[in-house]
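Per-entry structural report
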Amino acid sequence: MSQYCNNMNNEIKIQYKLLASRYINMIWTHKIQEKQADLYLKTSHNNKTWMTWMTVLTTTSIFSVILTNFGCDWILEVITGIFAALSTFFTLRSKDNAWEAKALANKNYAAKCRTIREMYASLMTDVKSGRYGSIEEIALKRNELEHLEQVLFENTIAPHTTEKAVKKAEEALKSSKESTTEDEEFRLLLPENLQID
């Protein structure tokens, strides 16, 4: 922690904690939306895979060869009918691109949240380093970011998310630390001339 941060007055510390709280909220919103998009894309992929298999099983003669040899023509008709119905269902569900459209909406919303999140992080860095020493400067910058959040939340309806996406976001943030950069990563990924002690 910087020397300035140790010497922050109480008003600035209160503002910093508010900024940190909003930053964390944006991290959660961003990650939940991302994970929901991943779930929709996985569903879309699975749907297409099933559709392909249903089409293959309906259009090939594998069942007719097997079942005709055993004298079970009526079973062939039932199985073919079931696969045809399933194939039609998956085809119709896939054609409307519902899963891809939902995933795109989640990804777009997540990107907007990420932008605001990074702006909060920059402001917190400026406050912590002493760039903004007065409560008025900090409040002005905070109000600008609050306005951006308000515009996002008022003008854009947040895409639907599920409990499964929340759990995946929690795992990503807490266990996998997806939004955290560790010191080891700085040492490994930053060229020496860009590192600081």
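Some thoughts on the overall build of the protein
Counting secondary structure elements, the protein contains eight helices and zero strands. Written out in order from the N terminus, the α and β elements of the protein read α-α-α-α-α-α-α-α. Relative to its 197 residues, the protein shows a buried fraction of 28%. For the protein, long-range pairs separated by at least 24 residues make up 84% of all intrachain contacts whose partners lie at least 6 apart in sequence. Here the protein has roughly 13000 Å² of accessible surface; of this, 58% comes from carbon and sulfur atoms.

A word on the environment of Tyr-109
Here Tyr-109 shows up in helix α5 (residues 98-129). By relative accessible area, Tyr-109 is classed as buried at 3%. Sequence-wise, Tyr-109 and Pro-159 are 50 residues apart; in three dimensions their C-alpha atoms are separated by 7.4 Å. If sequence neighbours within four positions are ignored, Tyr-109 has contacts with Thr-29, Gln-33, Leu-152, Phe-153, Thr-156, Ile-157, Ala-158 and Pro-159.

Considerations on helix α7 (residues 163-175)
Over its 13 residues, α7 extends 17 Å from the first C-alpha to the last, a length consistent with the 18 Å expected when each residue adds 1.5 Å. All of the buried residues along α7 are Ala-165, Ala-169, Ala-172 and Leu-173. The arc that holds every buried residue of α7, seen down its axis, measures 90 degrees, which confines them to one face. The exposed set on the far side of α7, more than 90 degrees from its buried face, consists of Glu-163, Lys-164, Lys-167, Glu-171, Lys-174 and Ser-175. One or two positions beyond α7, positive phi appears at Lys-177, with a value near 55 degrees.

Description of the confidence of the model for the protein
Residue-level pLDDT values for the protein average 81, and 71% of them are 70 or greater. The secondary structure element of the protein with the lowest average pLDDT is helix α1 (residues 3-6), at 50, and the one with the highest is α5, at 93.

Considering the nonpolar core
Core analysis: the biggest nonpolar cluster contains 19 residues, and Leu-19, Tyr-120, Leu-123, Met-124, Val-127 and Ile-138 have the highest contact counts within it. Looking at this core, the elements with two or more residues in it are α2 (10-59), α5 and α6 (135-155). Contact partners of Leu-19, with chain neighbours within four places excluded, come to Tyr-120, Leu-123, Met-124, Val-127, Ile-138 and Arg-142.

A short note on the pattern of salt bridges
Throughout the structure, instances matching the rule amount to nine salt bridges. A salt bridge links Lys-107 to Asp-38; its shortest N-O distance comes to 3.5 Å. You can see Lys-107 sitting in helix α5 and its partner Asp-38 sitting in helix α2, a full 69 residues away along the chain. The exposure class assigned to Lys-107 is partly exposed, which follows from its relative accessible area of 34%. The partner of Lys-141 in a salt bridge is Glu-144, with the nearest N and O atoms 3.9 Å apart. With Lys-141 and Glu-144 both in helix α6 and three residues apart, the pair spans about one turn of that helix. For Glu-144, a relative accessible area of 41% translates into the label partly exposed. Each of Arg-22, Arg-142, Glu-146 and Glu-149 takes part in salt bridges that share partners, so that together they form one network.

What counts as what
- Residues numbered from 1 in each chain as written.
- Predicted model: local features only at pLDDT ≥ 70, side-chain atom pairs only at ≥ 80, totals over all residues.
- Heavy atoms only, no water.
- Helix = DSSP H or I, 4+ residues; strand = E, 2+ residues; numbered from the N terminus.
- Buried < 20%, exposed > 50% of the residue type's maximum accessible area, 1.4 Å probe, protein only.
- Contact = heavy atoms within 4.5 Å.
- Areas by Shrake-Rupley, 256 points an atom, 1.4 Å probe, with all protein chains shown as cover.
- Expected span 1.5 Å × (residues − 1).
- Arc of directions from axis to C-beta.
- pLDDT = per-residue confidence, 0-100.
- Core = buried A, V, L, I, M, F, W, Y, C linked by side-chain atoms within 4.5 Å.
- Salt bridge = Lys/Arg side-chain N within 4 Å of Asp/Glu carboxyl O.

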